[in-house]
Amino acid sequence: MDLTADSLLSCAAHELSPRADELIHDVEQCLRREVPELWDEPDIAQMTRENVAEHVSALLFGIEHGIEPRRIDQPAADAERARRLARRGKPVTAMLRAFPLAHGRILDRLLEVLPRLTSDAESINAATRKLIALSIAYMDRTSETGVLAFQEERDRRVQWRLSVVNEASVRVGTTLDIARTAQELADLATEHFADAVSVDLLDTSSRDEPAAKGTPVVRRVAQRSVMDGCPETTSLEAIYGESPVSPQKLQRYPDGSPPARALITGQPSRHHLGPSASMLLVPLCARGTTLGVAHFFRHHKPDAYGDEDLLLAQEIAARAAVAIDNARRYTHARATALTLQRSLLPRGTPVQPAVEVACRYLPAAAELGVGGDWYDVIPLSGARVALVVGDVVGHGIHAAATMGRLRTAVRTLADIDLPPDELLTHLDDVVIRLAAEVSSEVSGQTEIESAGDIGATCLYAVYDPVSGRCTLARAGHVLPVVMTRDGTADILELPAGPPLGLGGLPFEAAEIDLPEGSLIALYTDGLIEALDHDVEAGLTRLCRALKQSSASLEATCDTVLEALLPADRPHDDAALLLARTHTLGDSQVATWDVDADPAEVARVRASVSEQLTTWGLEELDFTTELVVSELVTNAIRYGRPPIQLRLIHDRTLMCEVADAGNTTPHLRRARVFDEGGRGLFLVAQLAEHWGTRHARRGKTVWAECALGTPKLFSDAAALDLEGIPGAV
């Protein structure tokens with residue numbers, strides 16, 4: 001029977017259709033050998049098998065029924081499969097190579113059937129030509145559909161990836177907080193291409209730089225999942241023999257596990273965790289240092305992770321790593337500056353007879369850096385106390401260092417008992433010299449503070465519990481607040497002095513009476529200035545907070561901070577110093593006027609001995625009489641009248657001799673044959689402290705003796721008379 005080419009091909013397809021499974025298997029084996037990238041992942045391999053089976057069935061059906069190639073129904077999922085290949089990062093060449101290979105195997109099997117259907121060579125040739133034309137037309141149509149779908153998906157994926165990377169540049173690294181930056185990475189990834197994310201960072205609690213070798217300790221700083229409780233991380237830990245890890249907990253990866261390899265090698269990797277689960281491990285590397293590793297899980301989405309997903313994760317992780325490294329470096333620098341700042345502030349305030357004090361220092365928000373606010377409580381002679389609050393311009397370690405230098409300068413100047421206005425004048429000179437030094441050191445270096453940035457404000461107050469008077473002077477500083485025992489809070493109007501560092505302008509002191517139990521508040525501008533209110537409103541809040549009754553000064557400090565500062569961190573650092581005044585009554589102070597007559601020394605010694613007996617300090621009789629004798633004798637011999645002796649009994653016994661002369665006595669070592677010059681040497685040996693303070697008119701020489709039996713006289717050898725030049 002003569003057969004046309006169409007009928008011959010129809011018969012061949014009809015005969016081959018029952019053995020379509022064999023043909024499908026043959027095509028699969030061919031593609032496994034020639035296009036292995038379509039079979040290296042289980043889900044892609046399954047999709048390829050389905051695609052081969054549907055195309056073989058469609059082509060055999062079309063040939064058997066004589067359907068034109070352009071009318072043969074292609075598999076409904078053909079375009080979606082091409083898009084899936086694009087989403088998985090497979091090259092389009094793999095698909096283009098698979099089409100001719102598969103069609104070649106189908107043609108071979110059909111051509112094998114034709115000689116069994118007819119021996120007419122002409123009919124076979126005609127059928128062969130017809131089959132080749134039909135196959136090429138079908139393959140061209142199928143390839144065109146697949147390539148168009150693939151390219152559309154590829155373009156869409158590229159645009160999507162660029163948009164995600166751009167979004168990452170905006171959303172990741174918005175602050176200099178390490179944990180928040182890591183959480184921003186986890187949040188972004190779970191919104192776009194992951195079902196769960198966990199971020200582990202190398203623990204650097206005991207060192208400055210993260211380790212790069214071995215199996216280091218990591219801390220889980222962030223995690224997020226589309227499911228409650230992040231069960232994905234628990235499943236992963238079970239796979240690799242790890243214990244479940246909670247946020248902010250430390251862990252150590254097992255040796256040889258994928259996360260450990262990622263940390264050590266710094267190379268990302270993809271992993272299949274099951275039929276519908278996959279994972280990406282991406283090290284967080286910045287500036288040549290591995291900071292940690294990010295885990296990206298996928299189990300709800302239909303496609304497992306592909307090469308393009310790994311590339312996207314790397315791009316986002318690289319941006320996050322730089323932000324985390326910046327935050328880590330900033331955190332280290334801030335911690336260093338804060339440590340320096342706190343080490344330069346008083347660790348505790350000594351107990352003072354003049355005042356009861358409480359103080360607070362609160363650093364600014366992290367993004368602003370440590371500032372230069374400070375406070376100090378300095379004991380002075382005569383039971384007096386100096387209260388100091390200052391503020392250095394700027395933030396950072398330079399401001400903290402400058403603060404430390406100024407605090408040391410204030411303590412040094414206070415030690416020589418300068419009046420507040422004179423002390424600020426000398427401190428102004430110190431700031432000017434510091435600015436000049438910085439200007440010469442950083443010439444041409446823009447990253448360091450310039451000379452114009454070296455400046456400060458300061459408030460210095462000296463309170464005398466004997467007179468109940470307080471002398472204050474300020475250098476551009478905010479005004480203090482005083483609250484009396486009746487609950488009235490007032491802002492002290494002090495003369496306005498220029499900020500430190502300007503030079504050439506005078507400072508003026510003011511003197512006020514502070515009754516017993518008065519509360520004086522010294523603070524920096526960070527306490528009363530805020531973005532939501534002005535200075536006047538801040539002062540009003542401060543006065544209102546001080547009026548609230550509290551069990552102690554410490555509680556009052558907390559009340560003030562809660563009322564004036566935000567709950568998280570202030571926009572500027574703030575220092576607060578509260579002092580409640582005490583006075584020394586007449587029973588603790590004894591005063592005698594002394595004539596400029598050497599015969600007065602004996603009378604003074606007798607009066608002092610009588611007063612010590614009244615105070616119950618007989619054990620100090622000999623020591624005090626000797627000290628008083630030397631100081632009064634020097635005042636009579638070298639000073640100018642009027643001369644006055646004062647004893648103050650508190651935690652120590654203070655002896656003060658004042659005269660109108662301005663000559664400052666100096667301690668010197670007398671030679672063997674000198675008749676004088678040993679008085680102050682003896683005073684220095686007998687007293688705990690001694691010194692001289694100058695007033696507007698005259699001076700006061702003082703000595704402070706500890707209560708109790710002097711150790712110096714516990715036995716005769718303690719005097720070490722041979723060590724005193726000229727003593728026999």
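A quick note: this is a predicted structure, and the numbers were derived from the prediction, not measured. (Residues numbered from 1 in each chain as written. Predicted model: local features only at pLDDT ≥ 70, side-chain atom pairs only at ≥ 80, totals over all residues. Heavy atoms only, no water.)

Comments concerning the sheet that holds strand 13 (residues 489-491)
No. 1: One open sheet holds the five strands; their spatial order is 7-16-15-12-13, and the pairing between them is antiparallel. Of all the strands in the sheet, just strand 7 (355-362) and strand 13 have a single pairing partner and so form its edges. If you compare each strand with its neighbour and ignore which way they point, the axes differ by 15° on average.
No. 2: Across three bridges, the pairing between strand 12 (residues 481-483) and strand 15 (residues 519-523) is antiparallel. Its bridge partner being in strand 15, Val481 is matched across the sheet by Ala521. (Pairing = 2+ DSSP bridges. Helix = DSSP H or I, 4+ residues; strand = E, 2+ residues; numbered from the N terminus. Axes fitted to C-alpha atoms, helices over the stretch in contact; angles between N-to-C directions.)

Let's talk about the environment of Val351
No. 1: Of note, Val351 is situated in the loop between helix 10 (307-344) and strand 7.
No. 2: Since its relative accessible area comes to 61%, Val351 is described here as exposed.
No. 3: Between the C-alpha atom of Val351 and that of Arg651, which follows or precedes it by 300 residues, the distance is 9.8 Å. (Buried < 20%, exposed > 50% of the residue type's maximum accessible area, 1.4 Å probe, protein only.)

Overview of unusual backbone geometry
No. 1: Residue Pro642 follows Pro641 across a cis peptide bond; omega there is 5°.
No. 2: Structurally, Pro642 is set in the loop between helix 17 (621-638) and strand 18 (643-649).
No. 3: Unlike most non-glycine residues, Ala383 shows phi in positive territory, near 65°.
No. 4: Position of Ala383 relative to the elements: it lies in the loop between strand 8 (371-379) and strand 9 (385-395).
No. 5: With a phi close to 60°, Asp417 is a non-glycine residue in the positive phi region.
No. 6: Among the structural elements, Asp417 can be located in the loop between helix 11 (397-415) and helix 12 (420-441).

Re the packing of helix 6 (residues 121-171) against helix 10
No. 1: Closest axis-to-axis distance for the helix 6/helix 10 pair is 9 Å, and the angle between their directions is 15°. One way to sum up the angle between helix 6 and helix 10 is to call them roughly parallel. Along this stretch, helix 6 crosses helix 10, giving a crossing that reads as right-handed. In this structure, helix 6 uses Arg154, Arg157, Trp160, Arg161, Val164, Val165, Ala168 and Ser169 to contact helix 10, whose residues at the interface are Glu308, Asp309, Leu311, Leu312, Glu315, Ile316 and Arg319.
No. 2: Looking at the contact of helix 6 with helix 10 residue by residue, the classes come out as seven nonpolar, one polar and seven charged. (Parallel < 35°, antiparallel > 145°, perpendicular 65-115°, else oblique. Left-handed = near helix turned anticlockwise from the far one by under 90°. Contact = heavy atoms within 4.5 Å. Nonpolar A, V, L, I, M, F, W, Y, C, P; charged D, E, K, R; others polar.)

Considering the nonpolar core
No. 1: Counting 60 residues, the largest nonpolar core has Trp374, Leu387, Leu406, Leu424, Leu427, Tyr460 and Leu577 as the members making the most contacts within it.
No. 2: When residues of this core are assigned to their parent elements, the largest contribution, eight residues, is made by helix 12.
No. 3: If we ignore the near neighbours within four places in the chain, the residues touching Leu406 are Trp374, Val392, Leu427, Val430, Val431, Leu434 and Ala456.
No. 4: Counting residues in each nonpolar core, the second largest holds 45 residues, with Leu23, Leu59, Ile72 and Leu114 among its members. (Core = buried A, V, L, I, M, F, W, Y, C linked by side-chain atoms within 4.5 Å.)

Description of the pattern of salt bridges
No. 1: Counting across every chain of the model gives 42 salt bridges.
No. 2: With a shortest N-O distance of 3.8 Å, Arg109 and Glu22 are connected by a salt bridge. In this pair, Arg109 is assigned in helix 5 (residues 92-117) and Glu22 in helix 2 (residues 20-34), connecting sequence segments 87 residues apart.
No. 3: Its salt-bridge partner being Arg220, residue Asp200 comes within 2.8 Å of it at the nearest N-O pair. Placement of Asp200 in strand 1 (residues 196-202) and of Arg220 in strand 2 (residues 217-225) is noted, with a sequence separation of 20 residues between them. (Salt bridge = Lys/Arg side-chain N within 4 Å of Asp/Glu carboxyl O.)

Looking at helix 2
No. 1: Between its terminal C-alpha atoms helix 2 stretches 21 Å, which fits the 21 Å expected from 15 residues at 1.5 Å a residue.
No. 2: The inward-facing, buried residues of helix 2 contact helix 1 (5-16), helix 3 (42-64) and helix 5. (Expected span 1.5 Å × (residues − 1).)

A short note on the side chain of Thr652
No. 1: Position of Thr652 relative to the elements: it lies in strand 19 (residues 652-659).
No. 2: For Thr652, a relative accessible area of 17% puts it in the buried group.
No. 3: A polar contact is formed between the side chain of Thr652 and the side chain of Glu704, at a distance of 3.1 Å.
No. 4: Filtering out sequence-adjacent residues up to four positions away, Thr652 remains in contact with Glu704, Cys705 and Leu707. (Polar contact = N/O pair within 3.5 Å; in protein donor to acceptor, adjacent residues only side chain to side chain.)

Some thoughts on the pairing of strand 18
No. 1: Of all the seven residues making up strand 18, six are buried; the element is thus mostly covered by neighbouring parts of the structure.
No. 2: Where strand 18 and strand 19 come together, six bridges link them in antiparallel fashion. Among the inter-strand pairings, Leu645 is bridged to a residue of strand 19, identified as Val657.
No. 3: Linking strand 18 to strand 19, which pair antiparallel, is a turn of two residues.

Section: the packing of helix 1 against helix 6
No. 1: Relative orientation of the contacting elements helix 1 and helix 6 amounts to 75°, with a least axis distance of 8 Å. Between helix 1 and helix 6, the interaxial angle falls into the category roughly perpendicular. Along the contact surface, helix 1 presents Ala5, Asp6, Leu8 and Leu9, while helix 6 presents Ser123, Ile124, Ala126, Ala127, Lys130 and Leu131.
No. 2: The residue makeup of the contact of helix 1 with helix 6, split by class, is seven nonpolar, one polar and two charged.

Notes on the sheet that holds strand 9
No. 1: Pairing within the open sheet is antiparallel, and its five strands lie in the order 8-9-10-11-14. Taken across any chain shown, the strands that pair with only one partner, and hence form the sheet edges, are strand 8 and strand 14 (510-513). The mean angle between the axes of side-by-side strands here comes to 15°, regardless of whether they run parallel or antiparallel.
No. 2: Relative to strand 14, strand 11 (residues 469-475) runs antiparallel, the two being bridged by four bridges. Residue pairing for strand 14: Leu472 is matched across the bridge by Ala510.
No. 3: Running at roughly 20° to strand 8, helix 11 makes contact with strand 8, strand 9 and strand 10 (456-464) of the sheet.

A word on the confidence of the model for the protein
No. 1: Chain-level pLDDT for the protein is 82 on average; 87% of the residues reach the 70-or-more range.
No. 2: Taken element by element, the predicted model of the protein shows its lowest mean pLDDT in helix 8 (residues 231-239) (53) and its highest in strand 10 (94).
No. 3: Note on residues 446-452: pLDDT is under 50 here. Beyond four places in sequence and across chains, it has 11 contacts.
No. 4: Counting contacts from residues 714-728, a segment whose pLDDT is below 50, to residues more than four positions away or on other chains yields 17 contacts. (pLDDT = per-residue confidence, 0-100.)

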